[in-house]
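Observations on the three-dimensional arrangement
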Amino acid sequence: MTPQALALLHAQAFTSPRPWTETEFADVLGGPGAFLLTEGEGFAVGRAIAGEAELLTLAVPQAARRQGVGRRLLARFEAKAAERGAATAYLEVAADNTAALALYAKAGWYEAGRRAGYYARQGAPSVDALVLTKALGPA
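The shown structure was predicted, so the numbers you read here are calculated from the model rather than taken from an experiment.

1. Topic: the side chain of Lys134
- Position of Lys134 among the secondary structure elements: in strand S6 (residues 124–135).
- For Lys134, a relative accessible area of 17% corresponds to the buried category.
- In contact with Lys134, not counting residues within four places along its chain, are Glu78, Ala87, Thr88, Ala89, Ala107, Gly108 and Trp109.

Pasting the structure below:
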């Protein structure tokens, strides 16, 4: 998928926080340790550097949700990050994103921190970001 296609799909999946731009996707994917996983119209962008991984975004358009796409992309992210030497993974998610929180909890992710008021919302109060983590290697 091109950065332009990623930006279009991201805009279908997210309104808040704001969707990423084509330039932002190009910059992230051109950076060290970055990788892209796709399935249908869903995708995940992550990076793995120095034994740690970060899930930067996971996007599944509304029409493709509740079909296991997000679950499979998350599992593939974890596998790819571990393959690249990451022992631990992190992500940030809006505290009010109940669907994503359920997905991550079911996959064994847990809260490691909170960034108060991290996600600005136009015409609404800001929302906290939850920092979630998961060990990828053997315990």
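2. Some details on the sheet that holds strand S2 (residues 42–49)
- In spatial order, the strands read S1-S2-S3-S4-S6-S5; together these six strands make up an open sheet with mixed pairing. The sheet is open, and its two borders are formed by strand S1 (34–39) and strand S5 (110–121), each paired with just one other strand. Between one strand axis and the next, the sheet turns through 25° on average, direction left out of account.
- In the sheet, strand S4 (residues 88–94) pairs with S6 via seven bridges, with the strands oriented antiparallel. Its bridge partner being in S6, Leu91 is matched across the sheet by Leu132.

Thresholds applied
Residues numbered from 1 in each chain as written. Predicted model: local features only at pLDDT ≥ 70, side-chain atom pairs only at ≥ 80, totals over all residues. Heavy atoms only, no water. Helix = DSSP H or I, 4+ residues; strand = E, 2+ residues; numbered from the N terminus. Buried < 20%, exposed > 50% of the residue type's maximum accessible area, 1.4 Å probe, protein only. Contact = heavy atoms within 4.5 Å. Pairing = 2+ DSSP bridges. Axes fitted to C-alpha atoms, helices over the stretch in contact; angles between N-to-C directions.

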